[in-house]
Amino acid sequence: MKIEKRIIEVVNYEDKWPAEFRKEAEMLLNLLSKEIVHVHHIGSTAVPGLRAKPVIDILVEVNNIDALDQYNSKMEQAGYIPKGEFGIAGRRFYLKGLYNRTHHVHAFNAGSTEVDRHIAFRDYLIVHPVAAKEYAELKARCAAECNNDNERYCAAKHEFVTAHEKKALEWVKSGRQRQS
């Protein structure tokens, strides 16, 4: 019996990632159109030039997070695995692919502080290449050392991410305009 395992790898930036985001965002807009306020490309694949796990992270702002639960079967038909809040209160999380994952969808109520946090961190990395380079190096090191354990990978990045999310939110408060 073959045991399937997710491989945690960090690869060079791929120019195709923004197009893959747009394609999936269009599908999500069609599927969840009654609920969606806005769709954002987040995570490392949204930062040009940044090394990343080759998984497109999508943030969906919705009018009512609880209403998304009624779409679970449609999300499954589209290839997603609904995971509920998955450790973050007020979120709905979906995986596309279990071991060979291609996309994550993180959904929050519009205006949530979680939305602000994700967008600020993305935009901060885009505008601050030194921080982005440090993050890329850290992620590559964490992937090499985590033995394909995603929890270990995330824990190893946690201190950096938390510190830079704080800087990013302060940067936004200082007058930086939000991108989509």
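(A) Fine view of the overall build of the protein. Secondary structure assignment for the protein yields five helices and five strands. In sequence order, the secondary structure elements of the protein are arranged as α-β-β-α-β-β-β-α-α-α. At 16 Å, the protein has a C-alpha radius of gyration in line with the 16 Å of a compact globule built from 180 residues. Looking at the protein residue by residue over its 180 residues, the buried ones come to 44%. Across the protein, every contact between residues at least 6 apart in sequence was considered, and the portion connecting residues at least 24 apart equals 65%.

(B) Highlighting the state of the cysteines. Within this structure, the stated rule accounts for zero disulfides. Here Cys146 is not cross-linked by a disulfide; its sulfur's nearest cysteine counterpart is in Cys142, at 7.9 Å. No disulfide involves Cys154; its sulfur sits 8.8 Å from that of Cys146, the nearest cysteine. Residue Cys154 is classed as partly exposed on the basis of its relative accessible area, which comes to 36%.

(C) How the structure looks around helix H1 (residues 17-31). Taking 1.5 Å of rise per residue, the 15 residues of H1 would be expected to cover 21 Å, and the 21 Å separating its terminal C-alpha atoms lies within 8% of that figure. Close packing links the buried residues of H1 with strand E1 (36-42), strand E2 (56-62), helix H2 (72-77), strand E3 (80-82), strand E4 (92-96) and strand E5 (103-109).

(D) Representation of the pairing of E5 within the structure. Within E5, six of the seven residues are buried, which leaves it mostly tucked inside the rest of the structure. Relative to E5, E4 runs antiparallel, the two sharing five bridges. Across the sheet, Phe93 pairs through a bridge with His106, a residue of E5. Hairpin remark: E4 followed by E5, antiparallel, with six residues in the connecting loop; positive phi at Gly97, about 90°.

(E) A look at the nonpolar core. Of all hydrophobic cores here, the largest spans 22 residues; its most connected members are Leu28, Leu32, Ile58, Val60, Leu68, Met75 and Val105. Elements that contribute at least two residues to this core include exactly H1, E1, E2 and E5. In terms of residue count, H1 provides more of this core than any other element does, five residues in total. Every residue in contact with Met75, bar those within four places of it in the chain, is listed here: Leu28, Leu31, Leu32, Tyr80 and Tyr94.

(F) View of the pairing of E1. By the criterion of burial, E1 is predominantly enclosed, with five of the seven residues buried. The pairing of E1 with E2 spans six bridges and is antiparallel. Bridge pairing links His40 to Leu59 in E2.

Conventions adopted
Residues numbered from 1 in each chain as written. Predicted model: local features only at pLDDT ≥ 70, side-chain atom pairs only at ≥ 80, totals over all residues. Heavy atoms only, no water. Helix = DSSP H or I, 4+ residues; strand = E, 2+ residues; numbered from the N terminus. Rg over C-alpha atoms; globule rule 2.2 N^0.38 Å. Buried < 20%, exposed > 50% of the residue type's maximum accessible area, 1.4 Å probe, protein only. Contact = heavy atoms within 4.5 Å. Disulfide = S-S within 2.5 Å. Expected span 1.5 Å × (residues − 1). Pairing = 2+ DSSP bridges. Core = buried A, V, L, I, M, F, W, Y, C linked by side-chain atoms within 4.5 Å.

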